[in-house]
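Structural features, examined
Listed below, chain by chain, are the residues.
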Amino acid sequence: MLTRHLLKQASTCRHFLLNSKTSSPFLTKSIFFSSSSSSPESQSPTNTFVDDKVNDQYPTGTSISIDRSALYNLPEHSHEPTSDSELVKHLKGIIKFRGGPISVAEYMEEVLTNPKFGFYISRDVFGAEGDFITSPEVSQMFGEMVGVWAMCLWEQMGRPKQVNLVELGPGRGTLMADLLRSASKFKSFTESLHVHMVECSPTLQKLQHHNLKCFDEDDNSDGVEKRTVSMLAGTPVSWHALLEQVPSGLPSIIIAHEFYDALPVHQFQRASRGWCEKMVDVSEDSMFRFVLSPQPTPATLYLMRRCKWAAPKEIEKLGQIEVCPKAMDLTRTIADRISCDGGGALIIDYGLNGVVSDSLQAIRKHKFINILDDPGSADLSAYVDFASIRHSAEEVSEDISVHGPMTQSQFLGALGINFRVEALLQNCTDEQADSLRTGYWRLVGEGEAPFWEGPDEQVPIGMGTRYLAMAIVNKKQGVPVPFQ
Ligand code: SAH
């Protein structure tokens, strides 16, 4: 009912419609893999690595440590080019002072979120001028549909008077802006909300503040902390670097769109001595290169945990495996919060409902590049392992249930995106109609748009089946819409 209500109301509300986003062929992170890539074997971008042959016997001892000495000897005279970026110098410094290579996960974390030099930290990386584009930037309909999902969940929660609406990794804040704008007519919903943006980048926090049309209330003399309020729906907004910093004790609705794919992954390679972790090293000519750890590393514990959740057949066929301990830990934190406080979480990302083999990729200015090429100048992301999210959540508590994944196309379709696009098309210019159709295709279509008449290189590519949606909810609320 809410869905129909929202669509009807939205079609008469011109001011937030058709903020024409983009119809150009900018790169979304899922495009690299062909549609046959559901087989983990075919996920491999062409990363080269050096298999360090030292100590090719799998150790029999039970203790897990890294013998870095066998992997890396610093050249006596390092010919480091002076043109290295600050981040490259920093990474080489870590490798040098540790006396050996670092894990791919540590490399990825430093590249993306190093507090001084990380890719996300000091600039806006989204859209035409940036490096890649995401669904909320493609069309306003994405944030609106996620808003419908959040309102339906709030109904199922029994319309609580106070709710934390949490977004993890909000980018430019576009999803939340479209959600709040479209929900603003449903006062009882928006009046219950306190929006919490979990964002590590100060630059993006400022952009989110701007895009949510926030104003900072004057300091009160009575010592009450000053509030920031979004003019889009009159909701208070707060920022945090970690989910753990969002106050607990209230039911939560948590949204994570393209957040999990930015969490650092460890990569393992099958070698004659067993599973070895792929590490990042510096070669004698001062270039980054991959090497294999000669012994089990601490992350092997997570590999073992991940393999336990999989059928032996699934593992046997793989030569490489990626695991994401941060995704497992984050999921536990989410599940724990939902189990204690009530509510639910929606995770939308590109990935697989099974073990991920080798998916880590780098994108700079809408082009795929080598992962080790000029770190910090390109986005790094990896396929999300939805099966691992399910297992991590289910281990936390009997009080939560996990639903999906279903494709983004099924998810948005069931929430009524077809009606929404029709409503918007009734009242727009020709140019806006083109942009709407293109945006719609990119959100729910599969492959190249059949209606496209423009230049071949600009054909819109659908992400409807490449992106998946999963929900984690407190069982008290029953099965969330539209996972019934
Ligand atoms: N959800 C947005 C942006 C996705 S990009 C969209 O769909 O457009 C990933 C976002 O997560 C960015 O805002 C980035 O700064 C943030 N981010 C990445 N790693 C993070 C971390 N460890 N903690 C908090 N924010 C993080």
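Residues numbered from 1 in each chain as written. Predicted model: local features only at pLDDT ≥ 70, side-chain atom pairs only at ≥ 80, totals over all residues. Heavy atoms only, no water.

To be explicit about the condition: UniProt positions are given in the numbering used here, feature names are shortened, and annotations may be inferred rather than shown by experiment.
Per an unreviewed UniProt entry, the recorded name for the protein chain is Protein arginine methyltransferase NDUFAF7, and the organism is Salix brachista. Recorded in UniProt for the protein chain, the comment headed Sequence similarities (unreviewed entry) runs: "Belongs to the NDUFAF7 family."

Quick look at the pattern of salt bridges
The following threshold applies: Take a side-chain nitrogen of Lys or Arg and a carboxyl oxygen of Asp or Glu: if they are within 4 Å of each other, that pair is a salt bridge. Strands here mean DSSP runs of E at least two residues long; helices mean DSSP runs of H or I at least four residues long; both are numbered from the N terminus. The cut-offs for exposure are 20% and 50% of the maximum accessible area for each residue type, with area from a 1.4 Å probe on protein chains only; residues under the lower value are buried, those over the upper are exposed, and the others partly exposed.
In the structure shown here, the tally under the stated rule is 16 salt bridges. Arginine 227 serves as the salt-bridge partner of glutamate 217, at 3.3 Å between the closest nitrogen and oxygen. Placement of glutamate 217 in the loop between strand S4 (214-216) and strand S5 (228-230) and of arginine 227 in the loop between S4 and S5 is noted, with a sequence separation of 10 residues between them. The class of glutamate 217 is partly exposed, set by a relative accessible area of 26%. By relative accessible area, which is 40% here, arginine 227 ends up partly exposed. The shortest N-O distance in the salt bridge between aspartate 373 and arginine 364 comes to 3.6 Å. The class for aspartate 373 is partly exposed, based on a relative accessible area of 35%. Through salt bridges that share partners, Asp124, Glu137 and Arg172 make up one connected network.

Regarding the site of the ligand
Quick reminder of the rule: Note on definitions. A residue lies near a molecule or strand when any single heavy atom of the residue is within 4 Å of it. As used in this structure description, the phrase polar contact means that two N or O atoms lie within 3.5 Å; if the pair is within protein, one of them must be able to donate a hydrogen and the other to accept it, and residues adjacent in sequence are counted only when both atoms belong to side chains. Methods summary: accessible areas were calculated by the Shrake-Rupley approach with a probe of 1.4 Å, and residue burial reflects only the protein chains presented.
Near the ligand lie 16 residues; those nearest to it are Thr134, Gly169, Gly171, Glu199 and His257. Here histidine 257 contributes a side-chain N or O atom positioned 2.6 Å from an oxygen atom of the ligand. Bound to the protein, the ligand loses 92% of the 570 Å² it would expose on its own.

Here we look at unusual backbone geometry
The omega torsion across glycine 404 and proline 405 is 10 degrees, close enough to zero to call that bond cis. Structurally, the position occupied by proline 405 is in strand S17 (residues 400-407). The omega angle of the peptide bond from valine 481 to proline 482 is -10 degrees, so this bond is cis rather than trans. Position of proline 482 relative to the elements: it lies in the segment after strand S20 (467-474).

Quick look at helix H2 (residues 86-98)
Rule in force here: Each helix should span, by expectation, one fewer than its residue count multiplied by 1.5 Å. Contacts are assigned to residue pairs that have any heavy atoms within 4.5 Å of one another.
The first and last C-alpha atoms of H2 sit 18 Å apart over 13 residues, in line with the 18 Å expected at 1.5 Å per residue. Of all the positions in H2, only Leu87, Val88, Leu91, Lys92, Gly93, Ile94 and Ile95 are classed as buried. Here the buried face of H2 lies against strand S1 (102-103), helix H3 (104-113), strand S9 (274-282) and strand S10 (288-292). Glycine 99 sits one or two positions beyond H2 and adopts a positive phi of about 80 degrees.

Here's the deal with the environment of glycine 447
Inspection of the secondary structure assignment puts glycine 447 in strand S18 (residues 446-448). On a C-alpha basis, the gap between glycine 447 and isoleucine 461 in space is 5.1 Å, while along the polypeptide they are 14 residues apart. Beyond its immediate sequence surroundings of up to four residues, glycine 447 is in contact with Trp441, Pro460, Ile461 and Gly462.

Concerning the nonpolar core
Definition in use: By convention a nonpolar core is built from buried Ala, Val, Leu, Ile, Met, Phe, Trp, Tyr and Cys residues, the set being connected through side-chain atoms within 4.5 Å.
Membership of the largest hydrophobic core comes to 59 residues, with the highest contact counts inside it found for Tyr107, Tyr120, Leu168, Tyr260, Ile334, Leu380 and Ile472. Setting aside chain neighbours within four positions, we find leucine 380 in contact with Tyr107, Met108, Val111, Leu112, Asp261, Ala262, Leu360, Gln361, Ala362 and Ile371. The next biggest cluster of nonpolar side chains, apart from the first, holds 57 residues, and it includes Leu165, Met176, Val195 and Val237.

Points about the pairing of S9
The following threshold applies: Any two strands between which DSSP finds at least two bridges are classified as paired.
Of all 9 residues in S9, 8 are buried; the element is thus mostly enclosed. In terms of strand pairing, S1 meets S9 through 2 bridges, oriented antiparallel. Note on S9: the bridge partner recorded for isoleucine 102 is valine 280. Here strand S8 (residues 266-271) runs beside S9; their pairing, made up of 4 bridges, is antiparallel. Of the residues in S9, the one forming a bridge with glutamine 269 is cysteine 276. Connecting S8 to the antiparallel partner S9 that follows it, the hairpin turn spans 2 residues. What sits between S9 and S10 in their antiparallel hairpin is a turn of 5 residues, with serine 286 showing a positive phi close to 70 degrees.

Observations regarding the packing of aromatic side chains
Going by this rule: Between rings of Phe, Tyr and Trp, where Trp is taken as its six-membered ring, a pair exists when centres lie within 6.5 Å; planes separated by under 30 degrees are stacked, by over 60 edge-to-face, and by other angles tilted.
For the structure on display, the rule yields 8 aromatic pairs. Considering the side-chain rings of phenylalanine 119 and tyrosine 120, the 5.2 Å spacing of their centres and the 70 degrees angle between planes classify their relative orientation as edge-to-face. Per residue, the accessibility class of phenylalanine 119 equals that of tyrosine 120, and both read buried. Geometrically, the ring pair formed by tryptophan 441 and phenylalanine 451 is edge-to-face, given 6.2 Å between the ring centres and 85 degrees between the ring planes. Highlighted residues: tryptophan 441 in helix H15 (residues 430-444) and phenylalanine 451 in the loop between S18 and strand S19 (461-463), separated in sequence by 10 residues.

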